[in-house]
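Residue strings, one per chain:
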Protein chains: 2
Amino acid sequence: MASSAPKLVAVAESRRFMIDCFKAVKVPQAHAEAQADLLVAADHRGHFSHGMNRLEMYINDLAINSTDGGAEPKVLKETPATAWVDGLNGLGAVVGNYCMDLAIKKAKTVGVGWVCAKGSNHYGMAGWYAIRAMEQGLVGMSMTNTSPLMAPTRAKEAALGTNPLSLGAPATNGDKFLLDMATTAVAVGKIEIQRRKGAALPDGWAQDPNGNITNDAELGFSTGCLMPLGGSELTSGYKGFGLGAMVDILSGVMSGAHYSTQVRKWTHAGADSAADLGQVFIAVDPNCFAPNFEERMTDFNARLRGVEPTDPSKPVLLAGDKESQNMASVDAAGGIQYLENQLKTCASLAEKLNIKPLAFN
Amino acid sequence: MASSAPKLVAVAESRRFMIDCFKAVKVPQAHAEAQADLLVAADHRGHFSHGMNRLEMYINDLAINSTDGGAEPKVLKETPATAWVDGLNGLGAVVGNYCMDLAIKKAKTVGVGWVCAKGSNHYGMAGWYAIRAMEQGLVGMSMTNTSPLMAPTRAKEAALGTNPLSLGAPATNGDKFLLDMATTAVAVGKIEIQRRKGAALPDGWAQDPNGNITNDAELGFSTGCLMPLGGSELTSGYKGFGLGAMVDILSGVMSGAHYSTQVRKWTHAGADSAADLGQVFIAVDPNCFAPNFEERMTDFNARLRGVEPTDPSKPVLLAGDKESQNMASVDAAGGIQYLENQLKTCASLAEKLNIKPLAFN
């Protein structure tokens, strides 16, 4: 009986484990905490791809110094509403939190803060930084470029990343709207799942090596050419391509970081060069416009959630609703249920780094 | 022979005709010019749905005073980086130009200008305002909410508009990136075209009255429930839904205008109430970040246009490329070729408003 019961990891324990891992590769306490907070937040929300799943990759990068765990970001240029920051190859959460906090400060002074960073690394879920602004009663946005994985409409090869964008807007009583989306139709993780199931890919997810849509999950996975949101040209995939390019312009080109095909290929093993990703962090104070923004957001959310559903058993979900539900489930259950594979990776990390293994509830 | 030759209308003559129409319904000269510049720019670019095609609707609205052709927008609240504007039910181009010019001024002073307008009307192609910022060497963005036409993912009824967003970024030698897209998979116009052709709709364009995907163009048109960019839930239509909601939050909710299902239904005949649309105009000075932005944009554009195409006869097109090509064709031909239907509408407008009819080259 005991062996079939789910092994749950308390949120605090997951965080403790990740902090210990980072510290084992010489990351200072505050930076280890920032990075762990970001990753555990993703797991808490059910976005496992952006949580503990990324830990090994970060540790590999840190161990060979392709990310500098101790680096502190630096402002290169500043106006009352903007800042240009060099992340100096520091941890994504360290660079991201620094930049969003600066954007928040500026938004509180002149209404908008717009901060661009170069020299950054993978910064986890884009929504994390929007949440940071929302916690201050502001509207927050963030975008990042990433390693090439998306084939532009009509193209055979990848030339943009999954380039996510996020927007968070606070409503009353802790309610909110929180969009956090890749500009590809799906993430690589979804293709992996179809592959494991032996199921076909829907049209519009991925291409084969000749640049045509494929329904073959194995081929889609090995080719590594995701299609933009919208899929083929007929179903307006060029809009998703345009959005992915917009994200790269605002994060990579504007900041002077790597962009498009300049960004290094994705690697799990640890890279031999700095990522030099570009990111943008925007905070806006809604009080600079019509009063009672949060009250209107509550009404806006109610209107959208209240539209009559096609299938009565599936009500309309607003961006962020699934994640809030997942957080509530984790809290009710008393912990996060990781996949067996993930737990094995954690066990071997603990051994390799000589830290206390992950404990279960 | 003469009857089969295309009837071309010079860009200047199209503009002259529209100005005369507006003046005939008591719109002051400067406002008539602003609105005509906007509409003829769309026709020049090949976006006929947003050009002369809209003229009759505007004239109808103006004639019954549901739009105030003489209204001047007014600033309600201001900071160095932001402004909240009341469009006072004026013409879309008048409100839009005013707001973008204000955003440009602020961007030149503090790096960013973020202007929200309530009390506005249809403002034509969203890209128009991004172009205005680009002409000043800035990055420009604009978004507007519109009448409900998009069914949220899982919903049976429309609760958001086609809610377009635009982003313009200048490159060197007049090259640029200009994204201007609705957040629905397609615009109503594309469904009309399939209907006229008697062709089926691809999956993911439109819903039937029960909230299911339809391939029936007639039914799709009469139902008036467009699907978000991405199509069904399986192909990530919830991302397009999220983007449409984002546009409404930043334009409608933030400005205190109507939003979501508050926005009046679409009518061509002239509405009996003010539209009270919300819009946002953002200008950012790229010189506040890494130097040589335009040079990097040129390289970015070259990288994307240069990706190997799947079909060698169809090179990769960047957002805005099709429109630039169309402008060049119009200039080479010496005029815009309107549809016969449109020319009939112009002839009857000329008669009704007692103005000089449209002349052909």
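Residues numbered from 1 in each chain as written. Chains lettered and ligands numbered in written order. Predicted model: local features only at pLDDT ≥ 70, side-chain atom pairs only at ≥ 80, totals over all residues. Heavy atoms only, no water.

Caption draft 1: Up close: the sheet that holds strand 9 (residues 277-284) of chain B. Sheet architecture is open: seven strands sit in the order 1-2-3-9-4-5-6 (chain B), paired in mixed fashion. The strands lining the two open edges of the sheet, one partner per strand, are strand 1 (74-78) and strand 6 (176-181) of chain B. Each strand of the sheet is rotated relative to its neighbour by a mean of 15°, with strand direction disregarded. Sitting on the sheet, helix 8 (residues 237-255) of chain A touches strand 4 (139-144), strand 5 (165-170), strand 6 and strand 9 of chain B, and the angle it makes with strand 6 of chain B is about 135°. (Pairing = 2+ DSSP bridges. Helix = DSSP H or I, 4+ residues; strand = E, 2+ residues; numbered from the N terminus. Axes fitted to C-alpha atoms, helices over the stretch in contact; angles between N-to-C directions. Contact = heavy atoms within 4.5 Å.)

Caption draft 2: Structural detail: the interface of chain A and chain B. Tallying the contact residues gives 89 residues for chain A and 89 residues for chain B. Taken together, the two surfaces of chain A and chain B that pack against each other cover about 7300 Å², and 71% of this comes from carbon and sulfur. Sorting the residues of chain A by area buried against chain B places Arg154, Lys239 and Phe289 of chain A first, and these three jointly supply 11% of that buried surface. Linking chain A to chain B there are two salt bridges. Counting across the chain A and chain B interface gives 36 residue pairs in polar contact (both at pLDDT 80 or more). Where the side of chain A that touches chain B is concerned, the elements lending two or more residues are strand 2 (82-86), strand 3 (112-120), strand 4 (139-144), strand 5 (165-170), strand 6 (176-181), helix 8, strand 9 (277-284) and helix 9 (293-305) of chain A. Tallying contributions element by element places helix 8 of chain A first for the side of chain A that touches chain B, with 14 residues. Considered class by class, the residues forming the side of chain A that touches chain B number 54 nonpolar, 20 polar and 15 charged. (Buried area = accessible area lost by both parts, 1.4 Å probe. Salt bridge = Lys/Arg side-chain N within 4 Å of Asp/Glu carboxyl O. Polar contact = N/O pair within 3.5 Å; in protein donor to acceptor, adjacent residues only side chain to side chain. Nonpolar A, V, L, I, M, F, W, Y, C, P; charged D, E, K, R; others polar.)

Caption draft 3: Spatial organisation of the relation of the copies chain A and chain B. Between the two copies, chain A and chain B, the superposition gives an RMSD of 0.0 Å; the rotation angle is 180° and the shift along the axis is 0.0 Å. Read as a symmetry element, the transformation amounts to a two-fold axis. Scanning chain A for the C-alpha nearest the rotation axis identifies Gly230 of chain A, at a separation of 2.0 Å. The residues that chain A uses at the interface reappear at the interface of chain B in 100% of cases, marking a shared surface. (Least-squares fit on C-alpha atoms with pLDDT ≥ 70 in both.)

Caption draft 4: Broad picture of the sheet that holds strand 6 of chain A. All names here are of chain A. Strand order in this open sheet of seven strands is 1-2-3-9-4-5-6, and the pairing throughout is mixed. At either margin of the open sheet sits one strand with a lone partner, and together these are strand 1 (74-78) and strand 6. Strand-to-strand twist of the sheet, defined as the mean angle between neighbouring strand axes without regard to direction, takes the value 15°. As defined by bridge partners, strand 3 adjoins strand 9 across seven bridges and the pair is classed as antiparallel. Along strand 9, the bridge assignment pairs Ala117 with Gln279.

Caption draft 5: Broad picture of the packing of helix 1 (residues 11-24) of chain B against helix 11 (residues 340-353) of chain B. All names here are of chain B. Look at helix 1 against helix 11: their axes get within 10 Å of each other, and the N-to-C directions meet at 40°. By the criterion of interaxial angle, the relationship of helix 1 to helix 11 is oblique. With respect to the hand of their crossing, helix 1 and helix 11 are arranged in left-handed fashion. Contacts between helix 1 and helix 11 involve Phe17, Cys21 and Ala24 from the first element and Cys346, Leu349, Ala350 and Leu353 from the second. A breakdown of the residues in the contact of helix 1 with helix 11 according to their chemical character gives seven nonpolar, no polar and no charged. (Parallel < 35°, antiparallel > 145°, perpendicular 65-115°, else oblique. Left-handed = near helix turned anticlockwise from the far one by under 90°.)

Caption draft 6: How the structure looks around the pairing of strand 5 of chain B. Residue and element names in this part refer to chain B. Counting buried residues along strand 5, six of its six residues qualify, which places the element largely inside the surrounding structure. The two faces of strand 5 match: Leu165, Leu167 and Ala169 on one face and Ser166, Gly168 and Pro170 on the other face are all buried. Of the pairings in the sheet, the one linking strand 4 to strand 5 comprises four bridges and is antiparallel in character. Residue pairing for strand 5: Met141 is matched across the bridge by Leu167. In this structure, strand 5 lies alongside strand 6, joined through six bridges in antiparallel fashion. Its bridge partner lying in strand 6, Gly168 is registered against Leu178. As consecutive antiparallel partners, strand 5 and strand 6 are separated by five residues, and within that stretch Asn173 has a phi angle of approximately 55°, a positive value. (Buried < 20%, exposed > 50% of the residue type's maximum accessible area, 1.4 Å probe, protein only.)

Caption draft 7: Region of the structure containing the environment of Thr79 of chain B. Relative to the helices and strands, Thr79 of chain B is located in the loop between strand 1 and strand 2 (82-86). Expressed as a C-alpha distance, the spacing of Thr79 of chain B and Thr214 of chain B, which sit 135 residues apart in the sequence, is 48 Å. Filtering out sequence-adjacent residues up to four positions away, Thr79 of chain B remains in contact with Val110, Gly111 and Cys288 of chain A together with Lys106 of chain B. A polar side-chain atom of Thr79 of chain B sits 2.6 Å from the main-chain carbonyl oxygen of Val110 of chain A.

Caption draft 8: Quick peek at the domain arrangement of chain A. Residues and elements named next belong to chain A. According to the domain assignment, chain A consists of domain 1 (1-63 + 321-361) and domain 2 (71-185 + 226-305). The interface is formed by 20 residues belonging to domain 1 together with 23 residues belonging to domain 2. When domain 1 packs against domain 2, close to 1800 Å² is buried across both sides, 60% of that on carbon and sulfur atoms. Run the count over domain 1 and domain 2 and you get two salt bridges. (Domains from an automatic or database assignment.)

Caption draft 9: Summary view of the environment of Asn163 of chain A. Residues and elements named next belong to chain A. For Asn163, the location among the structural elements is in the loop between strand 4 and strand 5. Each C-alpha atom, one on Asn163 and one on Leu243, is 8.5 Å from the other, the two residues being 80 residues apart in sequence. Every residue in contact with Asn163, bar those within four places of it in the chain, is listed here: Thr144, Asn145, Thr146, Met181, Ala182, Thr183, Gly244, Val247 and Asp248.

Caption draft 10: Inspection of the side chain of Asn89 of chain A at higher detail. Residue and element names in this part refer to chain A. By the secondary structure assignment, Asn89 is in the loop between strand 2 and helix 4 (92-110). According to the relative accessible area criterion, Asn89 is buried, its value standing at 16%. Polar contacts involving the side chain of Asn89 include one to the main-chain carbonyl oxygen of Ser66, which spans 3.0 Å. Those residues within four positions of Asn89 in sequence are excluded, and the remaining contacts are Asn65, Ser66, Thr67, Asp68, Ala71, Gly119, Asn121, Ala274 and Ala275.

Caption draft 11: Spotlight on the packing of aromatic side chains. Applying the stated criterion across every chain, the model contains 10 aromatic pairs over all chains. Ring-pair connections join several aromatic residues into one group, and the members of that group are Tyr123, Tyr129 and Phe281 of chain A. The positively charged end of Arg195 of chain A is found above the aromatic ring belonging to Phe221 of chain A, 4.1 Å away from the centroid. One residue, Lys7 of chain B, lies across the ring of Phe360 of chain B, its end atom 4.9 Å from the ring centre. (Phe/Tyr/Trp six-rings, centres within 6.5 Å; stacked < 30°, edge-to-face > 60°. Lys NZ or Arg CZ within 6 Å of the ring centre and 35° of its normal.)

Caption draft 12: Representation of the pairing of strand 9 of chain B within the structure. Residues and elements named next belong to chain B. In terms of burial, strand 9 is a largely internal element, eight of the eight residues being buried. Alternating residues of strand 9 divide into Leu277, Gln279, Phe281 and Ala283 and Gly278, Val280, Ile282 and Val284, and every residue in both groups is buried. Taken together, the six bridges between strand 4 and strand 9 define a ladder with antiparallel strand orientation. Bridging across to strand 9, Met141 finds its partner in Ile282.

Caption draft 13: Molecular detail of helix 10 (residues 321-333) of chain B. All names here are of chain B. Between the first and last C-alpha of helix 10 there are 18 Å, a value that for 13 residues agrees with the 18 Å anticipated at 1.5 Å per step. Here the buried face of helix 10 lies against helix 1, helix 2 (29-44) and helix 9 (293-305). Gly334 sits one or two positions beyond helix 10 and adopts a positive phi of about 90°. (Expected span 1.5 Å × (residues − 1).)

Caption draft 14: Highlighting the nonpolar core. Membership of the largest hydrophobic core comes to 90 residues, with the highest contact counts inside it found for Trp114, Met246 and Leu250 of chain A together with Trp114, Met246 and Leu250 of chain B. For Leu250 of chain B, the residues in contact, after removing those within four places along its chain, are Val139, Met141 and Leu167 of chain A together with Trp114, Cys116, Met143 and Val280 of chain B. (Core = buried A, V, L, I, M, F, W, Y, C linked by side-chain atoms within 4.5 Å.)

Caption draft 15: Representation of the pattern of salt bridges in the model. Tallied over the entire structure, the rule returns 28 salt bridges over all chains. Of the charged contacts in the structure, one is a salt bridge between Arg132 of chain B and Asp101 of chain B, with a shortest N-O distance of 2.8 Å. You can see Arg132 of chain B sitting in helix 5 (residues 127-134) and its partner Asp101 of chain B sitting in helix 4 (residues 92-110), a full 31 residues away along the chain. For Arg132 of chain B, a relative accessible area of 23% translates into the label partly exposed. Asp101 of chain B gets classed as partly exposed once you look at its relative accessible area, which sits at 35%. The partner of Asp299 of chain B in a salt bridge is Arg303 of chain B, and the shortest N-O contact between them spans 2.9 Å. Linking Asp299 of chain B with Arg303 of chain B, this pair stays in helix 9, spanning four residues, or about one helical turn. The class of Arg303 of chain B is partly exposed, set by a relative accessible area of 26%. Residues joined in a network through salt bridges with shared partners are Glu13, Arg16 and Asp20 of chain A.

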